[in-house]
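# Analysis of the macromolecular model
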Amino acid sequence: MENLIALLIAAPLLGAAVLLVGGRRLDAVGHWIGTALAAASFVIGLVLFADLLGRSADQRTLTQHLFSWIPVAGFQADATFRLDQLSMTFVLLITGVGSLIHLYSVGYMEHDERRRRFFGYLNLFLAAMLLLVLADNYLLLYFGWEGVGLASYLLIGFWQHKPAAATAAKKAFLVNRVGDMGLAIAVMLMFATFGTFAFGPVFSHVGDASEGRLTAIALMLLLAACGKSAQVPLQSWLGDAMEGPTPVSALIHAATMVTAGVYLIVRSAAVFNGAPGAQLVVTVVGAVTLLFGAIVGCAKDDIKKALAGSTMSQIGYMVLAAGLGPIGYVFAIMHLVTHGFFKAGLFLGAGSVMHGMNDEVDMRKYGGLRKYMPVTFITFGLGYLAIIGFPGLSGFFSKDRIIEAAFAKGGTEGWILGGAALLGAAITAFYMTRVMLMTFFGEKRWQPDENGTEPHPHESPGVMTIPMIVLAVGSVFGGAFFSIGDRFLHWLEPVTGHSEGNSPLSAWTVTAATMVCLVIGVAAAWAQYGRKPVPVVAPRGSLLTRAARRDLLQDDFNHVVLVRGGEHLTRSLVYLDHTLVDGVVNGTAASVGGLSGRMRRLQNGFARSYAVSMFGGAALLVAATLLMRAV
Amino acid sequence: MSAVAVHSLWTTAADPISKIDAPKIEYGQLSPTLIVVGAALVGVLIEAFVPRKSRYYAQVFVSVVALCAAFAAVVALAADGYGTTRARIAAMGAIAVDGPSLFLQGTILLAALVGLFTFAERRLDPAAHGNRVDSFAAQAASVPGSDSEKAAVKAGFTTTEVFPLLLFAVAGMLVFPSANDLLTLFVALEVLSLPLYLLCALARRKRLMSQEAAVKYFLLGAFASAFTLFGIALLYGYAGSVSYATIAQVVDGNVPRLDPALANTMGNDALLLIGAAMVVMGLLFKVGAVPFHMWTPDVYQGAPTPVTGFMAAATKVAAFGALLRLLYVVLPGLRWDWRPVMWAVAIVTMLVGAIVAITQTDIKRLLAYSSIAHAGFILAGVIATSREGVSSVLFYLAAYSFVTIGAFAVVTLVRDAGGEATHLSKWAGLGRRSPLVAAVFAVFLLAFAGIPLTSGFAGKFAVFKAAAQGGAVPLVVIGVISSAIAAFFYIRVIVLMFFSEPRSEGPTVAVPSPLTTTAIGVGVAVTVVLGVAPQYFLDLANQAGVFVR
């Protein structure tokens, strides 16, 4: 059974190779090859899953040693894969949702002449992400991590003819580099501390390392997670990444990429458990991000950017949960999975809307679409209910448990974190209701564009709606399926560990509070966007709104602090280089050159001079030898 | 001299000679040298008896066969374990057959074979009067510019004597690093030098310059030989023997049988130190170390380029081999005396070679100064006085010799109306017109500069590592600084070739015959292979790194 693990990665990797190397002759069938191989990987995942289920809980870790990757004395990096409950969960999410997105893209990218290449990149993305979650050591994980970065760069900038897309790809890549550096340093620190980076030995020797060292490693891992998962302060790339084709957004936000950071933290649970200081930082990052993303999501009129803010916020919940330690690990992953369903569904729905609206993304130019796109409306609506935590749907179960866990952290921290999570729930309800109302309800607000062609909203083809339907089913039933009888908890507990914590509030109190927040959020949104017509031109708005429209000034902040600061730094370095370094270098070169010219004159071409020089040399040689004996 | 002493001399001579042992000669172990000497003699006979038209072919054939056979003999000896476990002293103590000997002999033979290809090249110069010509004068004896020279050219004469001369020089070089007594060393020195003096004088173009170079080389070489011979005499006076082993024993002070005459001299360290310094000086002259380097640029520039390439590679290998054996076998007991001096020589050699090369404008002179700098680098390995030192020097020599021959072979290709266009300004923009030739030359320059993935890097790394382990860290630091200076002028040539505008009446690149192509190809291949996968050859050199005593 173990031997199947490599096939999980090999299938999409083969797809990427075939599609990217195959050239034009595969244009006609390329997208089906890509989809089939993604699905093949999913089927292999299911087979392995069935096998794991057939084993007892402590027998569910499979490893496959492929080859010795970098065998140097004292430095052993193997291409070894580990399949346990945690990576199995990710495998199913990545390949399952990934396959659906592949299928959807067949329709969505139908008119794009570079569709084959697009599917090649999608496959590469899956392969890299699978490598990331299946690696059995941090170095191999790093390899997958970088692969994900590369694939996301290629896909975000897929429409490279649009300058905005090219810039967005570059931005995502650069911001991710900052995080990657964190992972690189963490891996090096790990090697310096433990002499290895294989998961097993590292986790079992955590006790030998000092807390300071563990905190350093954990903080570097957190930096890496912030980059990939778009957490404050490395969140700025996520919104711009919407320039990529919508299926890419769905893939990045639901199944791959942004989940990598959560995976990294949960996988490194042992390290974080040993570094309470770092865990606190993780929870703060999560809480800040969940509010940050939610506020940004309220102000965006671009449907995809509103959803992007929502992703940031939801990942914030997961990071918050992961930072809570054993109380939260399981729920972080559970929310990740349910989020995978409904966020993928929402994005695919948004893509379907755009597909029918001539790629219009401004929600102020939508309105009343429920009549034109019934399937999209229903699936999007179910995803909406799931994300705001409507009772009985997926988000209700998973988010509720995170809020409970946040309170269970105890003490003042618990109250603050729990309060932030509750507040986030209210804002989530507000902005998602806003999206829903502006898009599907009210009067139609679309107008002819400058060419005079009016959009004709229509339902998308079956190849696009089927994935949406499947995801909607997941959004509705996933949470209940996982939560009833604590199925998910028992499945994942052997890997991540679990403890209940002691919440100052009872579970029912928290649920009730969440419900109140939910109602307040929905009602506020209804008051503003449901009762009165939505203006086509956005009103000026309050200071906060305007700031939120500019992503809470994240780019301005980066520009002032990092760009300007960096420019000053480089300018002064360049100045130093020109005056000091070049001065020394040029001076040395000039003096060596002058010396050369003078010594050259000794070579005058006369044999007699040469003989004299030899004689002098011989005399010196003899004298020096004798002198050496004398001293 | 007292009457008794005279009498004893007299009576000793009058004693009946009861028995003289016939010298025992291990022909098998000496076969590489014997093959080459034999082939050289055959070459002389060819000059005497074979018709002029066929001589070239006969000579090339004999030379190639001889060098290949000699190399096969070296390989066979090494395979028999003579390089390691069965290392021994042959020919009544005159010749050592051991690892360093065989490794260096193999290197010299291969270098000579490749050099021979460039000697035999006849397609670069335009045919004169319907006869293909090589790089050598039509008739050595004719005065440059005279009618007899013109007649000789018109008649299509060629100096096919260069092939036996080459073989004689090779024979001397084979003996030089394996010589195990001082007289054999001196004889080998002369056997390798005299043919080289002649070869230097034989350029077809710029004959006056070539003859001037030969005369300078001869005069200064003779001067250096005199020093060597005087040093040998002093060492004999000190130890009462010319045998390496015996001298080493006397230096160490453990003599099996102490006769009164020896007891008298062996305490006299002045004899030993002065003698050793002078013998070493003769060898330093051959390797071109500062301050005995001044012949190098003039001779390298004046000699026919194939001769320069061969000489620069093979002579250096042979002379460093002899120097190693002298310092490691004869004078290890004197280590503390000669090491500081050699330190100084190495430092000055590296710096002078690198610095003076910066202002050179002639490619052959540039390569000459580069060879001086390289002699300094190799000396750094010699000074290590360890097995690693020996093996690193062996490796460096093997790597360096092929780069050198290849580089000079490329120089023969770039020509204008006056023959080879050696002035650097003429090389401007060569990369635009002849990218392949320029790229190959760039590879050689990068190897000289010691850039990774070329043999030069592996060699330099090995030498500096050995030197640093031997405690010579300051030497390594200066070596690295010199490398940096040297990199400047190597890279400058590359920049000149690739990033300058070609001159309108610039030189053309001649299309060589397969001979030169092979020489250059072997050079590139060895450079890249030793650069990318040096380990096998480093191991080989390391196995060969023990001298027999």
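Notes on the structure in this doc start here. (Residues numbered from 1 in each chain as written. Chains lettered and ligands numbered in written order. Predicted model: local features only at pLDDT ≥ 70, side-chain atom pairs only at ≥ 80, totals over all residues. Heavy atoms only, no water.)

### Focus: the environment of V242 of chain B
Topologically, V242 of chain B is positioned in the loop between α8 (207-239) and α9 (244-252). With sequence-adjacent residues up to four places away left out, V242 of chain B is seen in contact with D181, L182, L183, Y236 and I247 of chain B. (Helix = DSSP H or I, 4+ residues; strand = E, 2+ residues; numbered from the N terminus. Contact = heavy atoms within 4.5 Å.)

### Observations concerning the pattern of salt bridges
Overall, the coordinates contain 27 salt bridges over all chains when judged by the stated rule. Between R364 of chain A and D301 of chain A there is a salt bridge, and its shortest N-O distance comes to 2.8 Å. Of this pair, R364 of chain A sits in the loop between α15 (329-356) and α16 (374-388) while D301 of chain A sits in the loop between α13 (276-299) and α14 (303-323); the two residues are 63 residues apart in sequence, bridging distant segments of the chain. Residue D269 of chain B is joined to R629 of chain A by a salt bridge in which the shortest nitrogen-to-oxygen separation is 2.2 Å. Of the two residues, D269 of chain B sits in helix α11 (residues 269-287) while R629 of chain A sits in helix α24 (residues 607-630), which places them in two different chains. Residue classification places R629 of chain A among the partly exposed positions, given a relative accessible area of 33%. Taken together, the salt bridges that share partners define one network made up of R82, D84, D136 and R267 of chain A. (Salt bridge = Lys/Arg side-chain N within 4 Å of Asp/Glu carboxyl O. Buried < 20%, exposed > 50% of the residue type's maximum accessible area, 1.4 Å probe, protein only.)

### A look at the pairing of strand β1 (residues 62-72) of chain A
Residue and element names in this part refer to chain A. Two strands pair when backbone bridges link them, and β1 and strand β2 (residues 75-83) are joined in this way by nine bridges, in the antiparallel orientation. Among the inter-strand pairings, Q64 is bridged to a residue of β2, identified as F81. Once β1 ends, the chain turns through two residues before running back antiparallel as β2, passing G74 with a positive phi of about 80°. (Pairing = 2+ DSSP bridges.)

### Observations concerning unusual backbone geometry
Excluding glycine, residues mostly carry a negative phi; peptide bonds, for their part, are mostly trans. With omega at 10°, the peptide bond leading from V232 of chain A into P233 of chain A counts as cis. Note on placement: P233 of chain A falls in the loop between α8 (211-229) and α9 (237-240). Along the chain, V290 of chain B connects to P291 of chain B via a cis peptide bond; the corresponding omega equals 5°. Its location among the elements puts P291 of chain B in the loop between α11 and α12 (295-302). Even without a glycine there, the phi angle at M92 of chain B is positive, about 55°. Its location among the elements puts M92 of chain B in the loop between β1 (88-90) and β2 (95-97). Phi is positive for K206 of chain B, close to 45°, though the residue is something other than glycine. Within the element layout of this structure, K206 of chain B appears in the loop between α7 (182-200) and α8. Residue K206 of chain B is classed as partly exposed on the basis of its relative accessible area of 44%.

### Examining helix α15 (residues 363-383) of chain B
All names here are of chain B. In this model, α15 (21 residues) spans 30 Å end to end at C-alpha, consistent with the 30 Å of a helix rising 1.5 Å per residue. Within α15, 21 of the 21 residues are buried, leaving the element largely enclosed by the surrounding structure. You can read the cap of α15 off the contacts: a side-chain oxygen lies 2.8 Å from the backbone nitrogen of K364, and it is on D362. Just downstream of α15, T385 is the residue with a positive phi angle, here 45°. (Expected span 1.5 Å × (residues − 1). Polar contact = N/O pair within 3.5 Å; in protein donor to acceptor, adjacent residues only side chain to side chain.)

### Topic: a nonpolar patch on the surface
Residue and element names in this part refer to chain A. Taken together, the side chains of L569, L573, L576, L580, V581 and V585 present a nonpolar region at the surface, about 550 Å² in accessible area. With respect to the secondary-structure elements, V581 resides in helix α23 (residues 554-600). Judged by relative accessible area, V581 falls into the partly exposed class, the value being 39%. (Patch = residues over 30% accessible without salt bridge, like charges linked within 9 Å, V, L, I, M, F, W, Y side chains within 5 Å. Areas by Shrake-Rupley, 256 points an atom, 1.4 Å probe, with all protein chains shown as cover.)

### Considering the interface of chain B and chain A
Every contact between the two is made by 37 residues of chain B and, on the other side, 25 residues of chain A. Buried surface at the junction of chain B and chain A, both sides included, amounts to about 2,700 Å², of which 75% is carbon and sulfur. The largest per-residue losses of area from chain B upon contact with chain A belong to M294, V341 and I355 of chain B, which jointly make up 21% of the total buried on that side. Linking chain B to chain A there are two salt bridges. Connecting chain B to chain A are 12 residue pairs in polar contact (both at pLDDT 80 or more). Per-element tally for the side of chain B that touches chain A: the top contributor is α11 of chain B, with nine residues. Here the side of chain B that touches chain A is composed, by residue class, of 27 nonpolar, four polar and six charged. (Buried area = accessible area lost by both parts, 1.4 Å probe. Nonpolar A, V, L, I, M, F, W, Y, C, P; charged D, E, K, R; others polar.)

### Quick look at the sheet that holds strand β5 (residues 508-509) of chain B
Residue and element names in this part refer to chain B. Spatial ordering of the open sheet is given by β4-β3-β5, a layout of three strands whose pairing is antiparallel. Strands at the two margins of the open sheet, each flanked by one partner only, are β4 (419-420) and β5. Where strand β3 (residues 414-416) lies against β4, two bridges are found, and the strand directions are antiparallel. Among the inter-strand pairings, D416 is bridged to a residue of β4, identified as G419. Each of β3, β4 and β5 touches helix α16 (residues 387-413); the most contacted strand, β3, lies at about 25° to it. (Axes fitted to C-alpha atoms, helices over the stretch in contact; angles between N-to-C directions.)

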